[in-house]
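Spelled out from the first residue to the last, the chains are:
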Amino acid sequence: MSAINVTQVQVLNNPQMFMTPLQFEIQYECLQPLANDLEWKLTYVGSAESDAHDQVLDTVLVGPVAVGSYKFVFQADPPDISRIPQSDILGVTVLLLTCSYDDVEFIRVGYYVNNDYHDQFEELRENPPATVQIDKVVRNILEEKPRVTRFPCEFDTPSIPTRSGMEGDGGVAMGEEMENVQPGFGGGGFEEKIGFDQAATATQGFGFNAGHGPTEVQY
């Protein structure tokens, strides 16, 4: 069982103009005291062709974490468009919200994002200029269907191999079970980064409700 259950992530101020800061309200439960910080990270995927255009928009450290329920707002500046190919600014891309403990990623929440000119600039949609007019672009995060992928993490309690896990009797060893769900974004396009190739642990939505009375986290 994971020491941290992320129970809800809500996208705030959505849809919004592209250059507006991004905001996510995050709720999670801690089931055992953790000695070190949780590292939350927001990554913007600049291109499906190469991870060279990925941008870490911000990271925040929260901790040490006691047992209980927590809530905080994670705000990050928009991506630097000078680092995104002009051909990839408009259209569909991906945002990745991840959390790690001791440099081990244990959850990834992926959202598809659609960038397009605002409705009042219909002429730009029909005849887009060679250089994107970013001040007229709207960012719409498709928040209704996040892709949630969980990875194994021992937190502060190393796991003890079982007889069946070591010998393969009646079960699958951990290394085999998680073979296709290791952290890392790779360069295989949006679906690989968001988690659609990781069916063993990838789910749509969080699948459980937040606990009562979350504590507002200050950082």
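What counts as what
Residues numbered from 1 in each chain as written. Predicted model: local features only at pLDDT ≥ 70, side-chain atom pairs only at ≥ 80, totals over all residues. Heavy atoms only, no water. Helix = DSSP H or I, 4+ residues; strand = E, 2+ residues; numbered from the N terminus. Buried < 20%, exposed > 50% of the residue type's maximum accessible area, 1.4 Å probe, protein only. Contact = heavy atoms within 4.5 Å. Areas by Shrake-Rupley, 256 points an atom, 1.4 Å probe, with all protein chains shown as cover. Core = buried A, V, L, I, M, F, W, Y, C linked by side-chain atoms within 4.5 Å. pLDDT = per-residue confidence, 0-100. Salt bridge = Lys/Arg side-chain N within 4 Å of Asp/Glu carboxyl O. Phe/Tyr/Trp six-rings, centres within 6.5 Å; stacked < 30°, edge-to-face > 60°. Lys NZ or Arg CZ within 6 Å of the ring centre and 35° of its normal. Disulfide = S-S within 2.5 Å. Pairing = 2+ DSSP bridges.

### Overview of the overall build of the chain
Here is step 1 of the chain: Helix and strand counts for the chain stand at five helices and 12 strands.
Here is step 2 of the chain: Residues classed as buried in the chain amount to 41% of the 219 residues present.
Here is step 3 of the chain: Across the chain, the fraction of contacts at a sequence separation of at least 24, relative to all contacts at a separation of at least 6, is 72%.
Here is step 4 of the chain: If you sum the accessible surface of the chain, you get close to 11400 Å²; carbon and sulfur atoms cover 48% of it.

### Concerning the nonpolar core
Here is step 1 of the chain: If you look at the biggest cluster of nonpolar residues, it comprises 44 residues, and the most contacted ones within it are F24, Y28, L38 and W40.
Here is step 2 of the chain: Apart from the residues lying within four places of it in its own chain, the contact partners of W40 are V6, I26, Y28, D58, T59, V60, V62, F72, F74, L97, T98 and C99.

### Comments concerning the confidence of the model for the chain
Here is step 1 of the chain: Considering every residue of the chain, the mean pLDDT works out to 81; 71% of them sit at 70 or more.
Here is step 2 of the chain: Residue range residues 162-183 is modelled with pLDDT below 50. Its contacts to residues more than four positions away, or to other chains, number 20 contacts.

### A word on the pattern of salt bridges
Here is step 1 of the chain: Summed over the entire model, instances satisfying the criterion amount to five salt bridges.
Here is step 2 of the chain: With a shortest N-O distance of 3.7 Å, E122 and R125 are connected by a salt bridge. In this pair, E122 and R125 both sit in helix α2 (residues 122-126), three residues apart, roughly one turn of the helix.
Here is step 3 of the chain: The class of E122 is partly exposed, set by a relative accessible area of 37%.
Here is step 4 of the chain: The class for R125 is partly exposed, based on a relative accessible area of 31%.
Here is step 5 of the chain: Here the salt bridges share partners, and the residues they tie into one network are D116, D119, E122 and R125.

### Considering the packing of aromatic side chains
Here is step 1 of the chain: Enumeration over the complete set of coordinates arrives at eight aromatic pairs.
Here is step 2 of the chain: Their ring planes at 20° and their centres at 5.3 Å tell us that Y28 and Y70 sit as a pair that is stacked. One end of the pair, Y28, is in strand β3 (residues 22-30); the other, Y70, is in strand β6 (residues 68-76), and 42 residues separate them in sequence.
Here is step 3 of the chain: Lying across the ring of F121, K136 places its NZ or CZ 5.5 Å from the centre.

### Observations concerning unusual backbone geometry
Here is step 1 of the chain: A cis geometry characterises the amide bond from N14 onward to P15, with omega recorded as -5°.
Here is step 2 of the chain: Tracing the backbone shows P15 in the loop between β1 (4-12) and β2 (16-17).
Here is step 3 of the chain: A cis amide bond links G63 to the next residue, P64, at an omega of -5°.
Here is step 4 of the chain: Of note, D102 is a non-glycine position whose phi angle comes to about 55°, a positive value.
Here is step 5 of the chain: Here D102 lies in the loop between β7 (91-101) and β8 (104-117).
Here is step 6 of the chain: On the accessibility criterion, D102 (43% relative accessible area) is partly exposed.
Here is step 7 of the chain: Of note, the phi angle at D103 is positive, near 65°, even though the residue is not glycine.
Here is step 8 of the chain: Positionally, D103 belongs in the loop between β7 and β8.
Here is step 9 of the chain: By relative accessible area, which is 74% here, D103 ends up exposed.

### Quick look at the state of the cysteines
Here is step 1 of the chain: Using the criterion set out here, one finds zero disulfides in the structure.
Here is step 2 of the chain: No disulfide involves C99; its sulfur sits 9.1 Å from the nearest other cysteine sulfur, which is in C153.

### Observations regarding the pairing of strand β4 (residues 38-45)
Here is step 1 of the chain: In terms of residue burial, β4 counts as a mostly covered element, since six of its eight residues are buried.
Here is step 2 of the chain: Alignment of β4 against strand β5 (residues 55-62), held across seven bridges, turns out to be antiparallel. Counterpart to W40 in the pairing with β5 is V60.

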